[in-house]
Amino acid sequence: RTLYIDNHTINNKSMITFETIRNDGTKPTMKKLVDLKNIFARQLPKMPKEYIVRLVFDQKHESIVIKNENEKIFGGVCYCIFPISKMAEVVFLAISSDSQVKGYGTKLMNHLKTELQTRDIHFLMTCADNLATGYFKKQGFHKHILMDQNLWKGYLKDYEGSTLMECI
Ligand code: ACO
């Protein structure tokens, strides 16, 4: 099921599209989730592939994919919403290597934030890969966690080589 589609133009040149998806068992959605899973697996090589598959296809997780003018998925973010805590966990986030450092990761994060705000979610948490903490800092994330730990402790997927970060 397509939950949300939005169009953006960068430099009046390439049209990019965002789409919010969750595993609904339909073929078109499954194909998009496979494409996204492949990007995560390539860009996050230390992460076990089975683990990525399990979470991307889990029905409690949602993803926003970013597509180019040919509808090709070249990045995305997978997240899990905790409505009672008004919090979402960014689980995986990646842009294909040939499209990195061109501003798409920022567009994707801005899109995620806007969508979550409309759903009354105001905190983002992530266990950021240590190589990506610079990116997250530029997106307004910080290491000093202000959110009451009763609202997040035990819920997040921690892993070695990561740093817990928060964005309000
Ligand atoms: N470390 C430090 N700074 C970075 C990094 C990084 N790994 N990646 C981008 N930046 C900086 C850019 O230089 C840019 O700085 P500027 O605003 O001063 O020019 C700013 O962050 C925004 O860059 P974008 O071009 O918007 O980001 P991009 O499209 O490259 O996407 C991303 C960033 C998603 C981290 C991408 O580089 C990527 O896929 N990396 C490999 C996978 C990865 O590390 N994912 C995050 C893992 S953590 C997790 O999934 C929870």
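Summarised in this report is the structure supplied together with it.

1. Regarding the site of the ligand
Close to the ligand lie 25 residues; L93, V101, G103, G105 and T106 are nearest. Within the backbone of L131, an N or O atom sits 2.9 Å from a nitrogen atom of the ligand. Residue Y135 places a main-chain N or O atom 3.5 Å away from a nitrogen atom belonging to the ligand. Burial of the ligand by the protein amounts to 75% of the accessible area it has alone, namely 950 Å². In a pocket analysis with a 2 Å cut-off to the grid points, the ligand is assigned to the largest pocket. Among the secondary structure elements, those contributing two or more residues to the shell around the ligand are β5 (87-95), α3 (104-118), β6 (123-129) and α4 (133-138). Looking at the shell around the ligand element by element, the count peaks at 6 residues for β5.

What counts, and at which threshold
- Residues numbered from 1 in each chain as written.
- Predicted model: local features only at pLDDT ≥ 70, side-chain atom pairs only at ≥ 80, totals over all residues.
- Heavy atoms only, no water.
- Near = heavy atom within 4 Å.
- Polar contact = N/O pair within 3.5 Å; in protein donor to acceptor, adjacent residues only side chain to side chain.
- Areas by Shrake-Rupley, 256 points an atom, 1.4 Å probe, with all protein chains shown as cover.
- 1 Å grid on protein atoms, 1.4 Å probe; cavity = no way out; pocket = protein on both sides within 12 Å on 5 of 7 lines; lining within 4 Å.
- Sits in = over half its atoms within 2 Å of the grid points.
- Helix = DSSP H or I, 4+ residues; strand = E, 2+ residues; numbered from the N terminus.

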